[in-house]
2 protein chains.
Amino acid sequence: MKCECKECVIQSLMFSNVGVAEIENICYIKTEKEFKKGEIIYNKGDEISDFAYLKSGLVKYYSIFNDGKSHILSIAKPFDTINMINSFNECKSLYNLSALEDSVICYIPLKDIKTIIKTNGNFAFDFIQKFSIVTNKTIKQLMLINSKNLSGRVAFILLHFANDIYKNQVFDIPISRKEIAELIGMTTENVIRALSEFRLEKIIRINGKEIEIIDMDRLTKISTYG
Amino acid sequence: MKCECKECVIQSLMFSNVGVAEIENICYIKTEKEFKKGEIIYNKGDEISDFAYLKSGLVKYYSIFNDGKSHILSIAKPFDTINMINSFNECKSLYNLSALEDSVICYIPLKDIKTIIKTNGNFAFDFIQKFSIVTNKTIKQLMLINSKNLSGRVAFILLHFANDIYKNQVFDIPISRKEIAELIGMTTENVIRALSEFRLEKIIRINGKEIEIIDMDRLTKISTYG
DNA sequence: TTAATAAAATGATATATATCATAAACTGTT
DNA sequence: AACAGTTTATGATATATATCATTTTATTAA
């Protein structure tokens, strides 16, 4: 089997400095696995033996704390690395990961990535850079959401789906209202109320899971200042 | 000048794989700078040209968002790396950093660290591991705090100072009540109220900045389940 | 297709936290 | 020592969000 994925992190982003021989090798040892919507990819604590990235679909990272509630950290989209953040820790998943949509994950044994890091400094450097960008974005998003009120948080998440994930003003939201609540730290009822308000104000149009952002300007203002 | 810092990240943690020649070299090119309590170390957006770590003192990372309020991300303690998280991004500080106590920061030009990463795979590997631990801890703390109520958050922070920073049940809290509020995302008045309640309940003793944790068990319970 | 179940929606009420006001206790400065 | 400015502290009130209850609308399974 030979890789073909044009947007593969490994080929395009990270392996820009890896010799051709190494790339060929990686392409042959990679494996792919399909997950159905709702399937668990990793449980918290599972051993991580592979470097993984999302080829297609959508994946959520979440944790359950002592409050008994699920808290969603973030959502990975195609070509995001999966579990990069814990791959170098104790090689145990720090989060629960599950598929929000049917997803395909590409695996490369972690030991092979580690070997390349140890033998190819330029690859290691690019890897650190990529790692830094991913984690910084996650931390920034967490802090930003916490600084906002209910409407601001809901607006922020709608814009995240429209701008970052689907790159479209119309999209089928892949998570339930309850999951939006778990992502922004508010209750399901209040998320629904905020969405209803946006709908009545003609800022968005809702048809079940389908959401269209009608007034991008106002939603952005609500997200920014709310 | 020759390094002497026994607990230096560079010597002990990260340079375990660097050849002796490289260590000697690093020791000679490092510089140190003192910051008085309250002094700014980096402003958000400042260029980062050095890898830095905290030799002594205490440093806060914070950001000011559109709400006009300061939000503290975390507090670095001696031998923590400073700005590791943005060193490999755009080499611009993503946060404001200021000294909470008189502090000494040790600098090594980033270009030298980058050279070692590119030429010494084992160092790169250890660097990634260290990076991973630091960022994971930050993200976990952010999520945990957000999952708690007022008392739980205040208890959590008191335990953080006692257990992680000062390793003592009695300590002088280095930040104001306002800064505690900025760290846990509550208002100053409510932080003071929570502290007063803990005092009345004989869970802690307060004498200005001096705090003693009397009932560790109850405070831990409040932090865990609050 | 229908029943059963879950998700979305909305209202009423409770609760936690924020805001505003004020006073007391510090801190630093002259 | 006295002053101004800041931090800490506390109370009263307002506001935002959570909780509980109920209905409607989707989804899933039989």
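Everything that follows concerns the structure shown earlier in this document.
Conventions adopted
- Residues numbered from 1 in each chain as written.
- Chains lettered and ligands numbered in written order.
- Predicted model: local features only at pLDDT ≥ 70, side-chain atom pairs only at ≥ 80, totals over all residues.
- Heavy atoms only, no water.
- Phe/Tyr/Trp six-rings, centres within 6.5 Å; stacked < 30°, edge-to-face > 60°.
- Helix = DSSP H or I, 4+ residues; strand = E, 2+ residues; numbered from the N terminus.
- Buried < 20%, exposed > 50% of the residue type's maximum accessible area, 1.4 Å probe, protein only.
- Lys NZ or Arg CZ within 6 Å of the ring centre and 35° of its normal.
- Least-squares fit on C-alpha atoms with pLDDT ≥ 70 in both.
- Near = heavy atom within 4 Å.
- Polar contact = N/O pair within 3.5 Å; in protein donor to acceptor, adjacent residues only side chain to side chain.
- Salt bridge = Lys/Arg side-chain N within 4 Å of Asp/Glu carboxyl O.

A. Examining the packing of aromatic side chains more closely. In total, this model carries 15 aromatic pairs over all chains according to the counting rule given. A centroid spacing of 6.0 Å and a plane angle of 50° characterise the contact between F123(B) and F127(B), whose relative ring orientation is tilted. Within this pair, F123(B) and its partner F127(B) are both found in helix α5 (residues 121-146), separated by 4 residues, close to a single helical turn. In this pair, the class of F123(B) matches that of F127(B), namely buried. Judged by centre distance (6.5 Å) and plane angle (70°), the ring pair of F127(B) and F131(B) falls under edge-to-face. In this pair, F127(B) and F131(B) both sit in helix α5, 4 residues apart, roughly one turn of the helix. For F131(B), a relative accessible area of 0% gives the class buried. One aromatic cluster in this structure is built from F51(A), F123(A), F127(A), F131(A), F51(B), F123(B), F127(B) and F131(B). Just above the ring of Y62(B) sits the side chain of K60(B); from NZ or CZ to the centre is 4.6 Å.

B. Fine view of the relation of the copies chain A and chain B. With an axial shift of 0.0 Å and an RMSD of 0.0 Å, the rotation relating chain A to chain B amounts to 180°. Expressed as a symmetry operation, the mapping of one chain copy onto the other fits a two-fold axis. Within chain A, G121(A) has its C-alpha nearest the rotation axis, a separation of 2.8 Å.

C. Molecular detail of the protein's contact with DNA strand D. Taken together, the neighbourhood of DNA strand D is formed by 16 residues, with N190(A), R193(A), R177(B), R193(B) and S196(B) sitting nearest. What you see for DNA strand D is that sugar and phosphate hold 60% of its atoms within 4 Å of the protein. For DNA strand D, a base nitrogen lies 3.1 Å from a polar atom in the side chain of E189(A). Between a base oxygen of DNA strand D and a side-chain N or O atom of R193(A), the distance comes to 2.8 Å. Taken together, the elements giving at least two residues each to the surface near DNA strand D come down to α8 (188-200) of chain A together with α8 (188-200) of chain B.

D. Up close: the pattern of salt bridges. Per the counting criterion, the structure on display carries 20 salt bridges over all chains. For K77(B), the salt bridge identified is with D80(B), shortest N-O distance 3.9 Å. According to the relative accessible area criterion, K77(B) is partly exposed, its value standing at 23%. One salt bridge connects R205(B) with E212(B), and the closest N-O pair in it is separated by 2.8 Å. Take R205(B): its relative accessible area is 31%, and that puts it in the partly exposed class. Given the relative accessible area of 26%, E212(B) is considered partly exposed. Here the residues in one salt-bridge network are K30(A), E32(A) and K55(A), joined through shared partners.

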